[in-house]
Amino acid sequence: LLQVFTHSGGDFMEFEDYLNMMSVLSPSASALAKARWAFKVYDTQNKHILDRDDIAKVIQDITTSEGDTDDKLNNEELRVIVDNVLKEVDLSGDGYITYEEFVQMASASQEFVDSFKIILN
């Protein structure tokens, strides 16, 4: 998150970067704003596409508890999930998810909009 939301892409966050991050992660941010930033978070290699490796990393990150390898999906389970994600989101069938495909999926999903937020109490 730090590299995505920092203006310089560095190892520290300036106050303006922090405000930008919090505005995108607020419940009132638009679906388009959330989708734009989420794509950047998931595109860890800055290739401007989400390929099988990117999708697999996201799936592993959200399904595995930190330090608990018992929760880790096996290769076949992971392959099936990645195949299903591509089947649903890769509208062009080219084997990866483009920014446009991601935004279309994310903007249409209320679940995505509801989950890409931070609530401060």
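Residues numbered from 1 in each chain as written. Predicted model: local features only at pLDDT ≥ 70, side-chain atom pairs only at ≥ 80, totals over all residues. Heavy atoms only, no water.

With that settled, consider unusual backbone geometry. The phi torsion at Asn46 lies on the positive side, around 55 degrees, for a residue other than glycine. Locating Asn46 in the fold gives a position in the loop between α3 (31-42) and β1 (49-50). By relative accessible area, which is 55% here, Asn46 ends up exposed. In this structure, His48 takes a positive phi of about 70 degrees despite not being glycine. Note that His48 resides in the loop between α3 and β1. (Helix = DSSP H or I, 4+ residues; strand = E, 2+ residues; numbered from the N terminus. Buried < 20%, exposed > 50% of the residue type's maximum accessible area, 1.4 Å probe, protein only.)

A few words now on the pattern of salt bridges. This model, assessed by the stated rule, comprises 6 salt bridges. The shortest N-O distance in the salt bridge between Arg52 and Asp83 comes to 2.6 Å. Taken as a pair, Arg52 in helix α4 (residues 52-63) and Asp83 in helix α5 (residues 75-89) lie far apart in primary sequence, 31 residues in all. The class for Asp83 is partly exposed, based on a relative accessible area of 27%. Where salt bridges share partners, they join Arg52, Glu76, Arg79 and Asp83 into one cluster. (Salt bridge = Lys/Arg side-chain N within 4 Å of Asp/Glu carboxyl O.)

With respect to the helices and strands, the residue Asp51 is situated in the loop between β1 and α4. For Asp51, a relative accessible area of 18% puts it in the buried group. A polar contact is formed between the side chain of Asp51 and the side chain of Lys47, at a distance of 2.6 Å. (Polar contact = N/O pair within 3.5 Å; in protein donor to acceptor, adjacent residues only side chain to side chain.)

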